[in-house]
2 protein chains.
Amino acid sequence: MSISANSDGNQQGNRLDPWFNTYAERAHNLRASEIRALFSVVSRPEVVSLAGGMPNLTDLPLDRLAESAKHLIATHGAQAMQYGSGQGWEVLREHITEVMSYDGILGADPDDVVITTGSQQALDLMTELFINPGDVILAEAPSYVGALGVFRARQADVVHVPMDENGLIPEALEQSIHDVRASGRTIKMLYTIPNFHNPAGVTLSLERRPRIAEICMREQVLILEDNPYGLLGFHSDPLPAIQSFSPEGVVYLGSFSKMFAPGFRIGWAYAPHAIRDKLVLASESAILSPSMVGQMAIAGYLRDYDWYSQVKAFRSMYAERAQAMLGALEEYMPDCTWTIPDGGFYTWVTLPAGLDAKSMLPRAVRAQVAYVAGTAFYYDGQGRDHMRLSFCYPTPERIREGVRRLSTVVHAEKELVEMFGAAFHKHDIDEVGPGIAPAPNAL
Amino acid sequence: MSISANSDGNQQGNRLDPWFNTYAERAHNLRASEIRALFSVVSRPEVVSLAGGMPNLTDLPLDRLAESAKHLIATHGAQAMQYGSGQGWEVLREHITEVMSYDGILGADPDDVVITTGSQQALDLMTELFINPGDVILAEAPSYVGALGVFRARQADVVHVPMDENGLIPEALEQSIHDVRASGRTIKMLYTIPNFHNPAGVTLSLERRPRIAEICMREQVLILEDNPYGLLGFHSDPLPAIQSFSPEGVVYLGSFSKMFAPGFRIGWAYAPHAIRDKLVLASESAILSPSMVGQMAIAGYLRDYDWYSQVKAFRSMYAERAQAMLGALEEYMPDCTWTIPDGGFYTWVTLPAGLDAKSMLPRAVRAQVAYVAGTAFYYDGQGRDHMRLSFCYPTPERIREGVRRLSTVVHAEKELVEMFGAAFHKHDIDEVGPGIAPAPNAL
């Protein structure tokens, strides 16, 4: 083993894994989510999970979709079951330009769309293409757990930029760019979720969008705009994408997982042409080509169905669930504060002073309710005073019951803190660090 | 741009791509396939392509499969269209252990199977997990173009190990391990395709399998055993996998792309438990989870169909096409030599002395026949005297016609070489280097 030992000489785990010393350095950056250990418990039917990011698919017309699938295989099976192009099927890329027009991206060129295995793969490819170890990615504070996991796996450093109820703060972005560069480090991109942020639940205001675009173009910072929830606003059509203010400065990521369904694993990147070229090569290297069955099924859905009416139905359904959650929070948890989402799946809750969402989680699960502790959404261990609550999957009744159960745990914790001070639960804190692998219920 | 310039300071392409100086170093290792430029020409119907690696799906029972797809969505659509586990669906993992039993892998644990977006993704994940820049991967000479592309993208170095008509030569493997280590470099794995090798068309003999396993275990070199064609032997059931001789020393890769169909993009890795853990984390980071629709469709196919009879039908069909190719080679190209495949999709042709398959390719395409030049299958520019011919996709009649057309090009080249010497076509040789991105028709 000595010849193939890696340079850090770490012997931990050697007795259990004969190949331990042969892994690449980057392999040691892969970590399990902090909520993975609770997984089997959380998935029990008696637990109300406010942790998951799974869309609610009960409104989809499954019988009609079943007929469509039959027709696809019977009439185009030889094409659907074959390899396709690495960039993705041109017919679906055409449809995607139409979908993006709802985000204010007008006249998009289908030739600059790259179809991926979910937008997660596009995130991974962009990180592969741009990040040398130690390079900095700017991201909102907090940010999407699955993106942070990719960034860590690729040995990036993440610097969080503050946001408020109107999203990322332009002045804070400028200050962060200045500070990081003053420290001698290289900024490779800004990763941002402008609409119905995961986990923060807020939306970047219209007024700030051209300002963010302008700052990044002036400072030559590429923007990675991640927009899985954009069509799912409760009250209105989407605000124009940052991409629409800076076509050469933005790589835009889209996904069918929330506006239709995640089971086909089809997402996309829309990129300036030269970056598009490299994304195609990187994707061919990673997976050869995306699923033709999935691409053709989704193209058929966009062609044959009134998909925008389905999106509107989803909006109403999620709006009702959001209202159930916000109402329950007001009723049961007046000693917390939370963000008011205008769309998407999440609200971001701030606990009373001294409470720790991470150490409280096992007690919440014992009370049959689950959430994701705020630490999952930071690169640096912040976030213990926050939790992400999702309202996408449980029914409104279950959401109310979940918040009620959670309130009993919060109140019990608060009483203990008031009696004994915040130090009492220090022993509960494990030292695994922030969990950042994107376990399915932390999407 | 100066702050985000990468370390090599390469300015090439800067005027066309404003982000050129921000790419990661590894991004410069991504290259287009050398045959990509010929793509649009090769796909014209009048061209006989002996270049592609697409399976022939005409024998699949599309009407029955269409009914199965309908039934799947109608009865299990909410599950099929949802996110699944990062490791892959447990029901399909169970079926995969049955499939692997045909390769002599008995009693496999479904918990050690990781389902991926084609086995290409498993290749990519394994390279990500084990390769630091400059680490060595041993691979057969020649080797699969798509694997070489992944290895280059991840900044590995590849050392080719000679093979003969019985596959990888054990003594040459030992010598290579010795030589590489004597030069101070770190070997991370042996990448091998034991059955119906792509592109060489040969199979590792039964006698050599335990020897390869023993050498690698003694020398602590992990084996990455890639077996997409294993069930497609013309004359017999598969030889036992190398994995069956060294369960703790092998990561085995399988695929449904050739034994069923590639359109679902479902492959797998079967790995020692500790490596399996890391593969799951790496796959979650890359794609979150594989397609549930694809996994459930394939599980249904394995459950409801006599899939092994379908494999036997594929075998007969490919055997007939191989026979057509070998017969045509004997008839039309007696001045070449070639390997005699017992299965799979390819034969590996050696041209008469002085001919260059790479520079000859444009003339072949003008004569309406295509192949892949041998250089695609080496890391180091070797292979100009070889070409890979595939017999998987065209009909036997088209194969014969393709070989006939190819023979006219070879004979014309040979005459020129005999008249003027090998130097005459030097001007045709582009300096792009070996193309290694896995373009779809070089699978």
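Since we're looking at a predicted model, the values are computed, not measured.

**Concerning the overall build of chain A**
- Helix and strand content of chain A: 12 helices and 14 strands.
- Considering only contacts within chain A whose residues lie at least 6 apart along the sequence, 77% involve residues at least 24 apart.

**Some details on the interface of chain B and chain A**
- Listed by partner, the interface residues are 83 residues for chain B and 83 residues for chain A.
- Counting residues per element, the ones that place at least two in the side of chain B that touches chain A are helix 2 (62-80), helix 4 (118-130), helix 5 (145-153), strand 6 (187-192), helix 8 (273-287) and helix 9 (292-304) of chain B.
- Here the element with the most residues in the side of chain B that touches chain A is helix 2 of chain B; it accounts for 12 residues.
- Split into classes, the residues belonging to the side of chain B that touches chain A amount to 47 nonpolar, 22 polar and 14 charged.

**Some thoughts on the sheet that holds strand 13 (residues 372-373) of chain B**
All names here are of chain B.
- Within the open sheet, the four strands sit side by side as 10-11-14-13. Their pairing is antiparallel. The sheet is open, and its two borders are formed by strand 10 (337-338) and strand 13, each paired with just one other strand.
- Bridging between strand 11 (residues 346-350) and strand 14 (residues 386-390) involves five bridges; their strand directions are antiparallel. Residue Thr350 lies in a different strand from strand 14, and its bridge partner there is His386.

**Re the relation of the copies chain B and chain A**
- Laying chain B over chain A is done by rotating through 180° and shifting 0.0 Å along the axis; what remains is an RMSD of 0.0 Å. Taken together, the rotation and translation relating the two chain copies correspond to the operation of a two-fold axis. Across chain B, the rotation axis passes nearest the C-alpha of B:Lys70, at a separation of 2.5 Å.
- The fraction of interface residues of chain B whose copies in chain A are also interface residues reaches 100%, indicating that both copies meet through the same surface.

**Describing the sheet that holds strand 4 (residues 157-164) of chain A**
All names here are of chain A.
- Overall, mixed pairing links the eight strands, which are arranged 2-9-8-7-6-3-4-5 in an open sheet. With partners counted over all chains shown, the strands left at the sheet margins are strand 2 (113-117) and strand 5 (167-168), one partner each.
- Where strand 8 (residues 250-255) lies against strand 9 (residues 266-270), four bridges are found, and the strand directions are antiparallel. Among the inter-strand pairings, Tyr252 is bridged to a residue of strand 9, identified as Tyr270.
- In the packing of helix 3 (residues 90-101) onto the sheet, contacts are made with strand 2, strand 8 and strand 9, and the angle to strand 2 comes to roughly 100°.
- Packed onto the sheet, helix 8 (residues 273-287) meets strand 2, strand 8 and strand 9 and runs at close to 25° relative to strand 2.

**Things to note about helix 3 of chain A**
Residue and element names in this part refer to chain A.
- For helix 3, built from 12 residues, the straight-helix expectation of 16 Å at 1.5 Å per residue is met to within 8% by its first-to-last C-alpha distance of 17 Å.
- Along helix 3, the residues that are buried comprise Leu92, Arg93, His95, Ile96, Val99 and Met100. Down the axis, helix 3 shows its buried residues gathered within 160° of arc, on one side only.
- The elements touched by buried residues of helix 3 are strand 2, strand 8, strand 9 and helix 9 (292-304).

**Some details on the domain arrangement of chain A**
Residue and element names in this part refer to chain A.
- Per the domain assignment, the segments making up chain A are domain 1 (29-59 + 309-442) and domain 2 (82-304).
- Summarising the inter-unit geometry, the C-alpha centres of domain 1 and domain 2 are found 25 Å apart.
- Counting residues at the interface gives 30 residues for domain 1 and 32 residues for domain 2.
- Looking at the side of domain 1 that touches domain 2, the elements with two or more residues in it are helix 10 (307-332) and strand 11 (346-350).
- At six residues, the largest contribution of residues to the side of domain 1 that touches domain 2 is made by helix 10.

**Let's talk about the pairing of strand 7 (residues 222-226) of chain A**
Residue and element names in this part refer to chain A.
- Burial analysis of strand 7 places five of its five residues in the buried class, which makes it a mostly covered element.
- Residues Leu222, Leu224 and Asp226 of strand 7 are buried on one face, and the alternating residues Ile223 and Glu225, pointing to the opposite face, are buried as well.
- As paired strands, strand 6 (residues 187-192) and strand 7 are joined by four bridges and run parallel to one another. Bridging from a neighbouring strand, Tyr191 pairs with Leu224 of strand 7.

**What to know about unusual backbone geometry**
- Put simply, A:Asn198 and A:Pro199 share a cis peptide bond, and its omega is 10°.
- Turning to its location among the elements, A:Pro199 is positioned in the loop between strand 6 and helix 7 (208-218).
- Following B:Ala141, the chain continues into B:Pro142 via a peptide bond in cis, with omega recorded as 0°.
- Of note, B:Pro142 is situated in the loop between strand 3 (136-141) and helix 5.
- Backbone geometry at B:Arg265 places phi at a positive 55°, although glycine is not the residue there.

**Focus on helix 4 of chain B**
- Under the 1.5 Å per step criterion, the end-to-end length of helix 4 of chain B is 19 Å for 13 residues, consistent within 8% with the ideal 18 Å.
- Among the 13 residues of helix 4 of chain B, 13 are classified as buried, and the element is accordingly described as predominantly covered.

**Quick notes on the pairing of strand 9 (residues 266-270) of chain B**
All names here are of chain B.
- Counting buried positions over the five residues of strand 9 gives five, a clear majority of the element.
- Where burial is concerned, the two faces of strand 9 agree: the one with Ile266, Trp268 and Tyr270 and the one with Gly267 and Ala269 are both buried.
- Bridging between strand 2 (residues 113-117) and strand 9 involves five bridges; their strand directions are antiparallel. The residue bridging Val114 from the neighbouring strand is Ala269, located in strand 9.

**Concerning the environment of A:Ser205**
- As for its placement among the helices and strands, A:Ser205 is situated in the loop between strand 6 and helix 7.
- Residues A:Ser205 and A:Asn166, spaced 39 residues apart in sequence, show a C-alpha to C-alpha distance of 5.2 Å.

**Section: the packing of helix 10 (residues 307-332) of chain B against helix 12 (residues 396-420) of chain B**
All names here are of chain B.
- Between helix 10 and helix 12, the shortest axis-to-axis distance is 9 Å and the interhelical angle comes to 25°. Taken together, the axes of helix 10 and helix 12 are roughly parallel relative to one another. As helix 10 runs across helix 12, the sense of the crossing is right-handed. Every residue of helix 12 that contacts helix 10 at Glu320, Arg321, Ala324, Met325, Ala328, Leu329 and Tyr332 is listed here: Pro396, Ile399, Arg400, Val403, Arg404 and Ser407.
- Split by residue class, the contact of helix 10 with helix 12 holds eight nonpolar, one polar and four charged.

**Comments concerning the environment of A:Glu214**
All names here are of chain A.
- With respect to the element layout, Glu214 can be found in helix 7.
- Classification of Glu214 as partly exposed rests on a count of 14 C-beta atoms within 10 Å.
- With 149 residues separating them in the primary sequence, Glu214 and Arg363 have C-alpha atoms 46 Å apart.

**Observations concerning the packing of helix 6 (residues 170-182) of chain A against helix 7 of chain A**
All names here are of chain A.
- Between helix 6 and helix 7, the least distance of the axes is 10 Å, while the angle of their chain directions is 15°. As summarised for this structure, helix 6 and helix 7 are arranged roughly parallel, according to the angle between their axes. You can see that helix 6 and helix 7 cross each other, and the crossing is right-handed. Of helix 7, the residues touching helix 6 (which contributes Pro170, Leu173 and Glu174) are Arg208, Arg211, Ile212 and Ile215.
- The class makeup of the residues in the contact of helix 6 with helix 7 is four nonpolar, no polar and three charged.

**Structural notes on the confidence of the model for chain A**
Residue and element names in this part refer to chain A.
- Taken as a whole, chain A shows an average pLDDT of 91; of its residues, 90% reach a score of 70 or greater.
- Segment residues 1-12 is flagged for pLDDT under 50; beyond a separation of four residues in sequence, or across chains, it makes 17 contacts in the model.
- Scored below 50 in pLDDT, residues 427-437 makes 30 contacts in the model with residues more than four places away or belonging to other chains.

The rules behind these values
Residues numbered from 1 in each chain as written. Chains lettered and ligands numbered in written order. Predicted model: local features only at pLDDT ≥ 70, side-chain atom pairs only at ≥ 80, totals over all residues. Helix = DSSP H or I, 4+ residues; strand = E, 2+ residues; numbered from the N terminus. Contact = placed C-beta atoms within 7 Å. Nonpolar A, V, L, I, M, F, W, Y, C, P; charged D, E, K, R; others polar. Pairing = 2+ DSSP bridges. Least-squares fit on C-alpha atoms with pLDDT ≥ 70 in both. Axes fitted to C-alpha atoms, helices over the stretch in contact; angles between N-to-C directions. Expected span 1.5 Å × (residues − 1). Buried ≥ 20, exposed ≤ 12 C-beta atoms within 10 Å, placed from the backbone. Arc of directions from axis to C-beta. Domains from an automatic or database assignment. Parallel < 35°, antiparallel > 145°, perpendicular 65-115°, else oblique. Left-handed = near helix turned anticlockwise from the far one by under 90°. pLDDT = per-residue confidence, 0-100.

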